[in-house]
Amino acid sequence: MKQALLEVMRMNRICRMVLVTCLGSFVLVIFYFQSMLHPVMHRNPFGMGICCRKGSRSPLQELYNPTQLELSSNAVLHQMRRDQVTDICRANSVMSRKRRVLTPNDLKHLVVDEDHEMIYCYVPKVACTNWKRVMMVLTGRGKYSNPMEIPANVAHVSANLKTLNQYSIPEINHRLKNYMKFLFVREPFERLVSAYRNKFTQKYNTSFHKRYGTKIVRRQRKNATQEALHNGNDVKFEEFVAYLIDPHTQKEEPFNEHWQTVFSLCHPCHIHYDLIGKYETLEEDSNYVLHLAGVGDYLKFPTFAKSTRTTDEMTAEFFQNISSEHQAQLYEVYKLDYLMFNYSMPSYLKLE
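Residues numbered from 1 in each chain as written. Predicted model: local features only at pLDDT ≥ 70, side-chain atom pairs only at ≥ 80, totals over all residues. Heavy atoms only, no water.

Caption draft 1: Spotlight on the sheet that holds strand β3 (residues 180-185). Spatially, four strands are ordered β1-β2-β3-β4 in an open sheet, and the strand pairing comes out mixed. At either end of the open sheet lies a strand with only one pairing partner, and these are β1 (110-113) and β4 (275-278). Direction aside, the axes of adjacent strands within the sheet are offset by 25 degrees on average. Two strands pair when backbone bridges link them, and β1 and strand β2 (residues 118-121) are joined in this way by four bridges, in the antiparallel orientation. Along β2, the bridge assignment pairs L110 with C121. (Pairing = 2+ DSSP bridges. Helix = DSSP H or I, 4+ residues; strand = E, 2+ residues; numbered from the N terminus. Axes fitted to C-alpha atoms, helices over the stretch in contact; angles between N-to-C directions.)

Here it is, written out as structure tokens:
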């Protein structure tokens, strides 16, 4: 009887051990599948934990740790672009870090999207009208759904978008560290010719003609007529270039944003941009940003008419009448943009 009782107790212990082992394995299986569904958070390149936004992955987390294999090539491409900027900033540290502290005025081009934790630095003549439209859709809380239904003049109303200079210093620092920061760039001289064509050859841009055209004619044109001095609406590209390389121009006031360098508008040596899109791959890069924001399924970047777009061939034609000396001086003005964003020196330049 005693032997039988001991045998029953031993069997009970074995059963309990088996049961515990089974339960433990079941729990481990649950944790395994949970970890597959909700991967452990990685840290971003700044060493800061990226927290999930409203139950989903943040744009920063999706950028640096893509969940979809087909996005990995994009991640590699943008890492190369970031590295290029870092290398040029380091190589040109004397020039790039003349001002180590940014002022609120330096941040007025950085548009903030609180809902999707993104900051976009807009560069005029690099699809910034359409990007402002998209940002209005993203930040409009349902007020807008189709970017192209937003008139261009409405997109450029400053009150329709919040910029980083409107925040307190602690709030600015928090967003710069935790939000995905991106900008779009373009071949510098192509962007410059596009700005010239838009601001000085279109009759409706009377404000630019009055403010800049009259000044350029007065400084650069000998024997200018009174009409030209008064209207400033027939500025030649050669006169525009001469105005840009004139030392008095920069001393008098900063360049207008439409021909200011990206280096001076977005401060890439002071602000670490996570994503650098290019005008040459605009649609692909833009939709990649929207995918990272988690809105790619229902919001696409607007396509644009290419018939009036300033091309490389068109830019080359504009530079035909620019002397080699002025070409060299103008290249020096935009040299950092060329190097930083990996654009080759144009083959049409006649540099001696």
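Caption draft 2: Spatial organisation of the nonpolar core. With 89 residues, the main nonpolar core has W131, F182, F189, F240 and W259 as its most contacted residues. With seven residues, helix α5 (residues 128-139) is the largest single contributor of residues to this core. Setting aside residues no more than four positions away along its own chain, W259 makes contact with R191, L192, F200, F208, Y212, F240, Y243, L244 and Y334. (Core = buried A, V, L, I, M, F, W, Y, C linked by side-chain atoms within 4.5 Å. Buried < 20%, exposed > 50% of the residue type's maximum accessible area, 1.4 Å probe, protein only. Contact = heavy atoms within 4.5 Å.)

Caption draft 3: Region of interest: the environment of S347. Assignment of secondary structure puts S347 in the segment after α16 (324-340). The exposure class assigned to S347 is exposed, which follows from its relative accessible area of 76%. Once the C-alpha coordinates of S347 and A316 are considered, the two residues, 31 residues apart in sequence, prove to be 8.7 Å apart.

Caption draft 4: Examining unusual backbone geometry more closely. The phi dihedral of N223 falls on the positive side, at around 55 degrees, and the residue is not glycine. Judged by relative accessible area, which is 79%, N223 ranks as exposed. Residues other than glycine seldom take positive phi values, yet N342 does so here, at roughly 60 degrees. Examined against the element boundaries, N342 turns out to sit in the segment after α16. For N342, a relative accessible area of 55% corresponds to the exposed category.

Caption draft 5: Geometry of helix α11 (residues 237-245). The buried fraction of α11 is high, at eight of nine residues. For α11, the elements touching its buried residues are α8 (188-200), α9 (206-220), α12 (247-252), α15 (312-318) and α16.

Caption draft 6: Here's a closer look at the pairing of β3. The buried fraction of β3 amounts to six of the six residues, a majority that puts the element mostly inside the structure. Neither face of β3 is left uncovered, since the one carrying M180, F182 and F184 and the one carrying K181, L183 and V185 both have all their residues buried. Pairing between β2 and β3: four bridges, direction parallel. Paired with Y120 across the two strands is F182, which belongs to β3. By the bridge criterion, four bridges tie β3 to β4 in an arrangement that is parallel. Paired with V185 across the two strands is K278, which belongs to β4.

Take it as geometry only, folks, not as evidence of what the structure does.
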